[in-house]
Amino acid sequence: MSTRGIIGRRIIHYDRVTSTNDLVREWAENGEPEGLVIAAEEQTAGRGRLGRQWIGPRGTSLQFSVLLRPPLAAAQTARLTPLAALALAATLREELGLRPGLKWPNDVLLNEKKCAGILVETSFEADRLSYAVLGVGLNVNYSMREFADLAPFATTLLDELGREVNRDALERAIIKSLDAHYARLLAGDDVFSEWRSQLTTLGRYVRVVTPNGIEEGLAEDIAPDGALVLRQEGRTLRLYAGDVTLARESTPRS
Ligand code: BTN
């Protein structure tokens, strides 16, 4: 029996690209089978959620995208970001002895600061997913001290470990872990619930800066479609995008 997996069956490294998500999308549109990984030393137009810029100084971070074609209905695609977050966290734990946390909607944290983000972009045919591009950005061998505006919220592996990390080896380990987690998803394992149970802010009062304003409330749950369920006085909101921080420490009223 072959032990060859799906993710990483073809890996292409570029020096400089606009965004690895863009390149993978082009390959997908040209019929490339799933499993392709495109990585880059530098992105000139790396992007994050909510149209934000994603900065990874040249040659010092991991920035790559994966082409996936899982047999999922539209409502199930919210499982892909959790899959990647779990794979990243497992790799940081097992390869580097770190203790990562997970935060809705797409963050991996170290010491409560973001060290990695995930950007899933999808294309549908009717209600079926045609393909997904799963982009991963991980801050590795540079210091956040170079970015004063981000330093209060973000960190790097260098900052956390006090030493540089072999990026090639780490990339291989992440791809292997992504592949193992993807195999579990395809086998029907509930990776979504596993991710949800590990989220640092669930069950706590949070402040969410959304594209439409600021909301505060009890972070009650994550719905199967990926929405944060926020309980407020007299109403419950479902938020699909936003940045979460802890609002205040208190015991929720039932
Ligand atoms: C986020 O936290 O907002 C998501 C960040 C995702 C960044 C990665 S880097 C590789 C891939 N290419 C991109 O342009 N974005 C993703």
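No experiment lies behind these values; they were computed from the predicted model shown.

Cut-offs and rules
- The numbering scheme is per chain: residues are counted from 1 as the chain's sequence reads.
- A pLDDT threshold of at least 70 governs which residues receive local features in this predicted model, and a stricter bar of 80 or more applies before side-chain atom pairs are shown or counted, although totals over entire chains, interfaces and linings include all residues.
- No hydrogens and no water enter the side-chain calculation; it runs on all heavy atoms of the structure.
- A side-chain nitrogen of Lys or Arg and a carboxyl oxygen of Asp or Glu constitute a salt bridge if their distance falls within 4 Å.
- For the purposes of this entry, the term helix denotes a DSSP run of H or I that reaches at least four residues, the term strand denotes a run of E that reaches at least two, and both are numbered from the N terminus.
- Relative accessible area decides the class of each residue, using a 1.4 Å probe on protein chains only: under 20% of the type maximum gives buried, over 50% gives exposed, and in between gives partly exposed.
- The criterion for strand pairing is that DSSP finds at least two bridges linking the strands in question.
- All axes here are fitted lines through C-alpha atoms, helices being fitted over the stretch that makes contact, and every angle between N-to-C directions spans 0 to 180 degrees.
- Note on contacts: a residue pair is in contact if any heavy atoms of the two residues lie within 4.5 Å.
- The score called pLDDT rates the predictor's confidence residue by residue, from a low of 0 to a high of 100.
- To estimate the expected span of a helix, count its residues, drop one, and scale the result by 1.5 Å.
- Think of a polar contact as two N or O atoms within 3.5 Å of one another; within protein, one of them needs to be a possible hydrogen donor and the other a possible acceptor, and neighboring residues in sequence only count if both atoms come from side chains.

(A) Broad picture of the pattern of salt bridges. Going through the model one piece at a time under the given rule, you end up with 18 salt bridges. D221 is the partner of R196 in a salt bridge, and the nearest nitrogen-oxygen pair spans 3.6 Å. Remark: D221 occurs in strand β9 (residues 213–222) and R196 occurs in helix α5 (residues 191–197); sequence separation between them is 25 residues. What makes D221 partly exposed here is its relative accessible area of 29%. One connected set of salt bridges, linked through shared partners, spans D15, R16, E42 and R58.

(B) The arrangement of the sheet that holds strand β2 (residues 36–43) in detail. If you walk across this open sheet you meet the seven strands as β1-β2-β3-β7-β6-β5-β4, and the pairing is mixed. At either margin of the open sheet sits one strand with a lone partner, and together these are β1 (10–17) and β4 (101–103). Mean inter-strand twist for the sheet, computed between neighbouring axes without regard to direction, equals 20°. Two elements, β4 and strand β5 (residues 107–110), share three bridges in a ladder whose sense is antiparallel. By the bridge assignment, L102 is partnered in β5 with V108. Seen against the sheet, helix α4 (residues 167–186) touches β1, β2, β3 (61–68) and β7 (128–139) and runs at an angle of roughly 30° to β3.

(C) Examining the pairing of strand β8 (residues 205–210) more closely. Alignment of β8 against β9, held across six bridges, turns out to be antiparallel. Looking across to β9, one finds that T210 is bridged to G213. Between β8 and the antiparallel strand that follows it, β9, lie two residues.

(D) Representation of the confidence of the model for the protein within the structure. In the predicted model, the protein carries a mean pLDDT of 95, and 96% of its residues have values of at least 70. Scored below 50 in pLDDT, residues 250–254 shows seven contacts in the model against residues more than four places distant or in partner chains.

(E) Structural view of α4. With 20 residues, α4 should cover 28 Å at 1.5 Å per step; its first-to-last C-alpha distance of 28 Å lies within 8% of that length. Its side-chain oxygen at 3.0 Å from the backbone nitrogen of D168, N166 defines the N-terminal cap of α4. Directly after α4, the chain includes G188, whose backbone phi takes a positive value near 100°.

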